[in-house]
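# Architecture at a glance
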Amino acid sequence: MKPLRKAVLPVAGLGTRFLPATKAVAKEMLPVVDKPLIQYAVEEARAAGIEQFCMVTGRGKTALVEHFDIAFELEDTLRARGKHDALALLEGTQVEPGSMVTVRQQVPLGLGHAIWCARAFIGDDPFAILLPDDLVLSETPCLKQLADAYTETGGNVVAVTEVPRAHTNRYGILEIGRDDGRLVEVKGLVEKPLPDEAPSNLSIIGRYVLMPQVIAELSRMDRGAGGEVQLTDGMARLIGRQPFHGLRYEGRRFDCGDKAGFLEAQIAFALKHKDLAPAVRAFLRRYAND
Ligand code: G1P
């Protein structure tokens, strides 16, 4: 079994749900408290043993590349002024030289197509996918939980959680086989089924560990839900040929592609900051009483 060392970060989306904020700023650069979404994803991946990153970008996304580069003038100025605390804040933005590459998704044909664009990076290795819109607050980083499940099962693992039945048309949904309450055998996968057609209400969230064979399936370029090349459809074609499991991860997931979810994430993450929590608690109480 090959070790998991690679991660693909699809970041080509237009961020239409956050206009006008995302007119000139990539949505993955929007901060939750003090860090942009993309940095949470990279730090989570690192904590799971990931050493190589591929961002699938699009037009207007250069800030994402800049964010993980050395900002020589800024760092030099901070050093000269003795601002070591400020310098230390930049640590999480540093990556090993040569460990982060980008490819462009030239046309917005869907998540499956975005992953297929990273095929040269993936090669013959297992790889992780992190969708930076999905932020998970947990004891053990969510991708680390998946990486451990990969070691345990030797195959594909996706992070899953129960959603209200009325919301199945927003997610990839599992058809469930054997289920021990934590690991679920995946018997089928459907992208965004209507509530009364969904095989369950167990949905995929934006964390995956996949085998490289999914690329051959995606290269068929079959169009699925919404007329897009769906990752879910490519993954579904691996079922029965390779181990495929859902992992009910420990933690809370915030949909930061949605305004309410994004605001909730701000509060939940702010309450984890020792120096911010008291002030946040105090104003929450004030607003709750209004
Ligand atoms: C994508 C996937 C979907 C998954 C979701 C998780 O959908 O296609 O299967 O459940 O991410 O956030 P999107 O949110 O891009 O529509």
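Let me begin by describing the structure that accompanies this report.

Conventions we followed
Residues numbered from 1 in each chain as written. Predicted model: local features only at pLDDT ≥ 70, side-chain atom pairs only at ≥ 80, totals over all residues. Heavy atoms only, no water. Helix = DSSP H or I, 4+ residues; strand = E, 2+ residues; numbered from the N terminus. Rg over C-alpha atoms; globule rule 2.2 N^0.38 Å. Areas by Shrake-Rupley, 256 points an atom, 1.4 Å probe, with all protein chains shown as cover. Lys, Arg positive; Asp, Glu negative; His and termini not counted. Charge placed at Lys NZ, Arg CZ, Asp CG, Glu CD. Core = buried A, V, L, I, M, F, W, Y, C linked by side-chain atoms within 4.5 Å. Buried < 20%, exposed > 50% of the residue type's maximum accessible area, 1.4 Å probe, protein only. Contact = heavy atoms within 4.5 Å. Near = heavy atom within 4 Å. Polar contact = N/O pair within 3.5 Å; in protein donor to acceptor, adjacent residues only side chain to side chain.

As a further point, take the overall build of the protein. If you tally the helices and strands in the protein, you get 11 helices and 13 strands. For 290 residues, the compact-globule formula gives about 19 Å, and the C-alpha radius of gyration of the protein, at 19 Å, lands near that figure. Expressed along its principal axes, the backbone C-alpha trace of the protein runs to roughly 60 × 50 × 35 Å. About 14,700 Å² of surface is accessible on the protein, with carbon and sulfur atoms providing 52% of the total. Within the protein, the 38 negative side-chain charges are centred at a point lying 2 Å from the centre of the 36 positive side-chain charges.

What follows concerns the nonpolar core. Counting 34 residues, the largest nonpolar core has L9, I38, I50, F53, M55 and L143 as the members making the most contacts within it. With sequence-adjacent residues up to four places away left out, L143 is seen in contact with E44, A45, A48, I50, A128, L130, Y208 and V209. With 29 residues, the next largest nonpolar core counts L189, L210, V214 and F244 among its residues.

Attention now moves to the site of the ligand. Lining the immediate surroundings of the ligand are 14 residues, of which D134, G172, E191, K192 and I204 lie closest. At 2.7 Å from an oxygen atom of the ligand is found a main-chain nitrogen or oxygen belonging to I204. At 3.3 Å, a side-chain N or O of T232 approaches an oxygen atom of the ligand. For the ligand, whose free accessible area comes to 380 Å², the fraction covered by protein is 75%. If you tally residues by element for the shell around the ligand, the top one is strand β11 (residues 202-210), at four residues.

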